[in-house]
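Per-entry structural report
Here is how the chains run, residue by residue.
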Amino acid sequence: MKVAIIHYWFISRRGGEKVVESILKLFPEADIYTLFYDKESYGDYISNHSVTTSSLDNTFLRKRYQKIFPLYPTGIKSLKLKEDYDLVISSESGPAKGIEIPNNCPHICYIHSPMRYCWGFTNEYLNTLPKTIRPIASYFFKKLKAWDITTIDNVDFYIANSFNVQKRVNDFYNRKSDVIHPPIDLKLFDTKLETRERSIYLSFGAITPYKRIDLLVETFNKNGKKLVIIGEGSEKNKLKAKAKNNIQFLGSLEWNKIQEVFSQTRALIFPGEEDFGMIPLEVMAYGIPVLAFNKGGALETVVENTSKTSESSGLFFTKQDSLSIEDCINRFELIENDFNKTWIKSHARKFGEDIFLEKFQLLLKEKLNL
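As the structure is a prediction and not an experimental result, all values here were calculated from the model.

**Digging into unusual backbone geometry**
Despite not being glycine, Asn174 has its phi angle at roughly 55°, a positive value. Residue Asn174 is classed as exposed on the basis of its relative accessible area, which comes to 66%. We note that Arg212 has phi near 60°; this positive angle belongs to a residue other than glycine. Positionally, Arg212 belongs in the loop between β8 (200-204) and α8 (213-223).

Structure below.
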């Protein structure tokens, strides 16, 4: 089969990119189309594929890719499929599904979320901007939303990354979707569980406004406990300036260094409302519990069993505020030794890449008779 895969961008290697890399294992000769591709920062993960980028892909715009969202439709329109493909797969939480599809070519959209800044979370994004800029940004968000509506029926069928996103697809797009949870790398489950003394709490992932890492800085500034923050993002410098000495920002790390941090970690704290969230599962693969905000994708990955902690993978807090997080930490420390690392790891294994690939293939056969 001739297959084209469209992904919004390859700048850093996060959850959406890992999903694409897994799909490429089913279609090793697929061509890739994307708005932006930063080969130096992304690495060699897709270097064996033909990668076509949009008219926006230059050094100046690539460095500002999140700020130039009004130009996304222009970029997608500039991407022209080079061949007569048998199948098009878009990986979507931005404008990818809007690519022009040849007549009668089936188009599957694996959707991580309808664009958050257009659907459901617009005010959260606007509130992070200076007040003078908000009216302008609001205008362009509305324009982008209007364009996004025109691309909804460009897709034959949707695959949502979670039941959370499935509901959004139904609410915002009025389209049905199947659910296949994202793949967790099987290599993560090869690591032997350690029983050494652990002394730190962990935040891991992009440091952007909706991740709410600001709440962790506020909480740990007050309680004085050790917090390690792994990741980069627009909020990093601002939060680092506010943080006390018990909070350490490590930036981006190689995986072997991340594993060293895991070996010292009591629990991951996950304060944002995620579409799905692969990082909690990646951390659970090492037997580490997760303390999470009880909304969004975390409800599908974190198990809180109040009657039997040995069959729990973490605890929830009910509000996105410092008091709720501190209460959750205190509850966790009372029962910390009751968590079963082996059970947590086996729970995360249910989301392994092999299961993702099997479900994806079965769904293609069902929908397209492939």
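**So, the nonpolar core**
Ranked by internal contacts, the top residues of the largest apolar core, which has 54 residues, are Tyr201, Phe204, Ile269 and Leu291. Ranked by residues supplied to this core, first place goes to α8 with 5 residues. Leave out the neighbours within four places in its chain, and Leu291 touches Tyr201, Ala267, Leu268, Ile269, Phe270, Leu315, Phe317, Cys328, Ile329 and Phe332. In this structure, Trp9, Ile99, Ile101 and Ala137 belong to the second largest nonpolar core, which totals 41 residues.

**Things to note about the sheet that holds strand β12 (residues 290-293)**
Across the sheet, 6 strands lie side by side as β10-β9-β8-β11-β12-β13; this open sheet has parallel pairing. Every other strand in the sheet has two partners, leaving β10 (247-251) and β13 (314-317) as the edge strands with one partner each. Geometrically, the sheet is characterised by an average inter-axis angle of 25° between neighbouring strands, direction not taken into account. In this sheet, β10 lies alongside strand β9 (residues 227-230) in parallel orientation, the contact comprising 4 bridges. For Val228, the partnering residue across the bridge sits in β10 and is Gln248. Contacts from helix α10 (residues 255-262) reach β8, β9, β10 and β11 (265-270), with the element oriented near 145° to β8. Those strands touched by helix α12 (residues 322-335) are β8, β11, β12 and β13, and its axis lies near 155° from that of β13.

**Quick word on the packing of helix α1 (residues 15-26) against helix α14 (residues 353-368)**
For the pair α1 and α14, interaxial distance at closest approach is 10 Å and the crossing angle is 60°. As judged from the angle between their axes, α1 and α14 are oblique. Crossing handedness for the pair α1 and α14: right-handed. Counting all contacts with α1, which are made through Val19, Ser22, Ile23, Lys25 and Leu26, the residues of α14 involved are Glu353, Phe356, Leu357, Phe360 and Gln361.

**A few points about α14**
Taking 1.5 Å of rise per residue, 16 residues should cover 22 Å, and α14 covers 22 Å from first to last C-alpha, within 8% of that figure. Where α14 is buried, its residues touch α1, β4 (87-92), β5 (107-111), β6 (157-160) and β7 (177-179). Of the residues one or two after α14, Asn369 is the one with positive phi, at around 60°.

**What about the packing of aromatic side chains?**
Taken as a whole, this structure holds 30 aromatic pairs when the rule is applied. Between Tyr110 and Phe356 the ring centres are 6.0 Å apart and the planes differ by 75°, which places this aromatic pair in the edge-to-face class. Residue Tyr110 is found in strand β5, and its partner Phe356 is found in helix α14; the two are separated by 246 residues along the sequence. By relative accessible area, Tyr110 is classed as buried at 0%. The exposure class assigned to Phe356 is buried, which follows from its relative accessible area of 2%. Between Trp255 and Tyr286, the aromatic rings sit 6.5 Å apart at their centres with planes inclined by 50°, giving tilted as the arrangement. Highlighted residues: Trp255 in helix α10 and Tyr286 in the loop between α11 (279-284) and β12, separated in sequence by 31 residues.

**Points about the sheet that holds strand β2 (residues 31-37)**
Pairing between sheet strands relies on hydrogen bonds along the backbone, with the strands arranged either parallel or antiparallel. Spatially, 7 strands are ordered β3-β2-β1-β4-β5-β6-β7 in an open sheet, and the strand pairing comes out parallel. What marks the edges here is a single partner per strand, and that holds for β3 (51-53) and β7. Mean inter-strand twist for the sheet, computed between neighbouring axes without regard to direction, equals 25°. Both β6 and β7 contribute to a ladder of 3 bridges, which runs parallel. Its bridge partner lying in β7, Ile159 is registered against Asp178. Sheet strands touched by α14: β4, β5, β6 and β7. Its angle to β6, the strand with the most contacts, is close to 165°.

**Digging into the pairing of β4**
Of all 6 residues making up β4, 6 are buried, and the element is well covered by its neighbours. Residue alternation in β4 divides its side chains into two sets, Leu87, Ile89 and Ser91 and Val88, Ser90 and Glu92, and both sets are buried. Two elements, strand β1 (residues 3-10) and β4, share 5 bridges in a ladder whose sense is parallel. Its bridge partner lying in β4, Ile6 is registered against Ser90.

Scoring rules and cut-offs
Residues numbered from 1 in each chain as written. Predicted model: local features only at pLDDT ≥ 70, side-chain atom pairs only at ≥ 80, totals over all residues. Heavy atoms only, no water. Buried < 20%, exposed > 50% of the residue type's maximum accessible area, 1.4 Å probe, protein only. Helix = DSSP H or I, 4+ residues; strand = E, 2+ residues; numbered from the N terminus. Core = buried A, V, L, I, M, F, W, Y, C linked by side-chain atoms within 4.5 Å. Contact = heavy atoms within 4.5 Å. Pairing = 2+ DSSP bridges. Axes fitted to C-alpha atoms, helices over the stretch in contact; angles between N-to-C directions. Parallel < 35°, antiparallel > 145°, perpendicular 65-115°, else oblique. Left-handed = near helix turned anticlockwise from the far one by under 90°. Expected span 1.5 Å × (residues − 1). Phe/Tyr/Trp six-rings, centres within 6.5 Å; stacked < 30°, edge-to-face > 60°.

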